[in-house]
Each structure stands twice: as structure tokens, then as C-alpha cells.
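Examining the three-dimensional arrangement
What follows is each chain in one-letter form.
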Amino acid sequence: MEWDAKKYNTTHDFIFKYGAGLLELLPKEPKKVLDIGCGTGELTNQIAELGHEVTGIDQSINMINQAKESYPQLNVLQEDILNPSKRIGLYDSVFSNAVFHWIPDQELLLKNIAEHLKVNGQLLCEFGAVGNVQAIREAFGHELNMLGIVVEEPFCFTSVKDYRVLLLKHHFEIVEILEYDRPTPLKGGRSGLREWMEQFYAGELNELSKEEKETAFRNMERDLAPKLWKEDHWEADYRRLRIHALKK
């Protein structure tokens, strides 16, 4: 999936704004930091402003180009953490916000992170936990099923229990790992749910005709309103997994 970098910075800016809390867990003294899935560079820039030597990587060329335009002083690279080039060296800290749930191979992800972390280097990340946007996903899955389309879940949402096993397997010492609910207001008023869907389920929606997409949106808004409509906006049922671990 290719991202709309402009819309990410405006309609979906809650992604990096909520991730700012992770910055508090970074070391106070300057360190070498790798930001995985840096997007348009907002959090990468904040890491740099804290005095760290930061490299941001992202698969999306749209995101990297936007990051370079907004923050020309940053070192940002188009890279895939599952297949990193030799440009990616060793780091004191690996930071990542709202990225890991897009990566199907969590084993390879943690293996590669461990290879690019110094001994006692820290992993700080937050991403979707099991049950994340469950109501929205179920409603959309129902609409696709009604159209005879097999639902292929694009996300990898996991639990504390399962991720603890993965971290220990890849020789990480767990400082903190927790799941929590984070109801998230969506911008755009009545159209907010549609705009969220058009970003995060773009591939699936592209398979629908204009009429099918409109019907799916209408039915979802009807079915989800009792739970997720909050007077003047939609509130997505986000759940997050936060991890602070050290490579041993």
C-alpha cells in the first residue's frame, strides 16, 4: 500500500501525535536512534530535537519525499526493515510508532532489529494490539462478505502474551509490555469514518465499484453509529501494545 503523505499529515495526524508519548522513554543523553516507519518525519524530527543522532527509514517513497521536504536536515532513507541494506548500521535505540502491525513477519522483524541494536540497546515501540479497531474491521468484513469477497486481514494485531514470547525468543529483556484501550477521535465529522477507511483499507476498497463502496460505507455508518459516533465525530476503537525492551 502506498500512502497519501499529505493526508497523513492532516486528516490522520493523530498517528504521530499519539506516538509522541514514546519519546519520553528515550535516553536523556544523546544516542544513535533508528526510527522504523518514520512516515513524514514528525517524530523523527522531535527525536533529533532531543539531541539524538537519528536515522528515519520507511518503505514509502511518498513518505520519505515528504519528510525530506519538511525536514531537509534529517537523515531519512527509503528502506525495508525486513530487507535492510548495508546503509543501516548499529544503534543504541530503535524507535517505532504505529508500524509493526503492518508487518506480517514479526519473527524476521525482531531478528533484524536485534541485529541493528547494540548490546543493551533499547527497543521502544507502540502498535496495534489484539482487538484494535475490532468493531470497524468486523463491520467492513461483513460488507465484503455480503458481496462475496473473501476478507484478507491486512493487519497483524497481537497480544502481550504472544509478543512476550517473541521478544524472549529473540533475546530481548522486557522492561515494560502492556495493552491498553485508546479510543481515537477521527477528523472530518460525518465523513471521518469514510476518510479513515479510504486510507487504511485503500486496497480493499479499490476492488469495489462506486456503488458498492457507497453502500458499504452507508451500512457501516448505520451499524457503527450506536457505538462509535460521539455527537459530532467518529471515535475509532483503537487498542495499543506498548513495548520497552533491551537487547541482551
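Please read all numbers here as calculations on a predicted model, not as lab measurements.

Quick look at the side chain of Asp237
Take Asp237: it is sitting in the loop between strand 9 (233-236) and strand 10 (239-247). A polar atom in the side chain of Asp237 sits 3.1 Å from the backbone nitrogen of Gln134. A distance of 2.8 Å separates a polar atom in the side chain of Asp237 from the backbone nitrogen of Ala135. Discounting residues that sit within four places of it in the chain, Asp237 has contacts with Gly131, Asn132, Val133, Gln134, Ala135, Ile136 and Leu228.

Overview of the pairing of strand 4 (residues 91-97)
Counting buried residues in strand 4 gives seven out of seven residues, a clear majority hidden from the surface. With four bridges connecting them, strand 1 (residues 32-36) and strand 4 associate as parallel partners. What sits directly across from Asp35, in strand 4, is Phe95. Relative to strand 5 (residues 117-128), strand 4 is paired through six bridges, and the arrangement is parallel. Directly across from Tyr91, in strand 5, lies its bridge partner Leu117. Running through helix 5 (residues 106-115), the crossover from strand 4 to the neighbouring parallel element strand 5 is right-handed.

Overview of the state of the cysteines
In the structure shown here, the tally under the stated rule is zero disulfides. Sulfur of Cys38: no disulfide; nearest cysteine sulfur belongs to Cys125 and is 16 Å away. Residue Cys38 is classed as buried on the basis of its relative accessible area, which comes to 6%. The thiol of Cys156 is not disulfide-bonded; the next cysteine sulfur, from Cys125, is found 12 Å away. Cys156 gets classed as partly exposed once you look at its relative accessible area, which sits at 22%.

Concerning the nonpolar core
Among the nonpolar cores identified, the biggest contains 29 residues, and Phe100, Ile113, Leu123, Tyr163, Leu167, Phe172 and Ile243 are the most heavily contacted of them. Among the elements of the structure, strand 1, strand 4, helix 5, strand 5, helix 7 (160-169), strand 6 (172-181) and strand 10 are those that each provide at least two residues to this core. When residues no more than four places from it in sequence are discounted, the contact partners of Leu123 are Val94, Phe100, Leu110, Ile113, Leu117, Leu167, Phe172, Ile243, His244 and Ala245. Ranked by size, the runner-up nonpolar core spans 24 residues in total, among them Trp196, Leu228, Trp229 and Ala236.

Details of the environment of His244
Structurally, His244 is set in strand 10. Judged by its relative accessible area of 14%, His244 is buried. Along the primary structure His244 and Phe95 are separated by 149 residues, whereas in three dimensions their C-alpha atoms are 9.7 Å apart. Every residue in contact with His244, bar those within four places of it in the chain, is listed here: Gln122, Leu123, Leu124, Glu173, Ile174, Val175 and Glu176.

Points about the UniProt feature "domain: Methyltransferase type" (unreviewed entry) in the protein
As annotated in UniProt, the feature "domain: Methyltransferase type" (unreviewed entry) corresponds to residues 34-125 in the numbering used here. Helix makes up 30% of residues 34-125 and strand 32%, and the two end C-alpha atoms of the span are 11 Å apart.

A few points about the sheet that holds strand 8 (residues 229-230)
Spatially, 7-9-8 is the arrangement adopted by the three strands of the open sheet, whose pairing is antiparallel. If you trace the sheet from one side to the other, it starts and ends with strand 7 (184-186) and strand 8, each paired once.

Section: the pairing of strand 5
Most of strand 5 sits inside the fold, with nine of its 12 residues counted as buried. Here strand 5 runs beside strand 10; their pairing, made up of seven bridges, is antiparallel. Bridge assignment links Glu126 to a residue of strand 10, and that residue is Arg242.

Examining the pattern of salt bridges
On inspection of all chains with the given rule, the structure shows 14 salt bridges. Note that Glu79 and Arg87 form a salt bridge whose closest N and O atoms lie 2.9 Å from each other. For Glu79, a relative accessible area of 8% translates into the label buried. Residues Glu173 and Lys248 are paired through a salt bridge, measuring 3.6 Å at the closest nitrogen-oxygen approach. Of this pair, Glu173 sits in strand 6 while Lys248 sits in the segment after strand 10; the two residues are 75 residues apart in sequence, bridging distant segments of the chain. Overall, Lys248 belongs to the partly exposed group, its relative accessible area being 48%. One network of salt bridges, in which partners are shared, links Arg194, Glu214, Arg218 and Glu221.

Parameters at a glance
- Residues numbered from 1 in each chain as written.
- Predicted model: local features only at pLDDT ≥ 70, side-chain atom pairs only at ≥ 80, totals over all residues.
- Heavy atoms only, no water.
- Helix = DSSP H or I, 4+ residues; strand = E, 2+ residues; numbered from the N terminus.
- Polar contact = N/O pair within 3.5 Å; in protein donor to acceptor, adjacent residues only side chain to side chain.
- Contact = heavy atoms within 4.5 Å.
- Buried < 20%, exposed > 50% of the residue type's maximum accessible area, 1.4 Å probe, protein only.
- Pairing = 2+ DSSP bridges.
- Right-handed = clockwise from strand over helix to strand, strands pointing away.
- Disulfide = S-S within 2.5 Å.
- Core = buried A, V, L, I, M, F, W, Y, C linked by side-chain atoms within 4.5 Å.
- UniProt positions renumbered as here; feature names shortened; annotations may be inferred.
- Salt bridge = Lys/Arg side-chain N within 4 Å of Asp/Glu carboxyl O.

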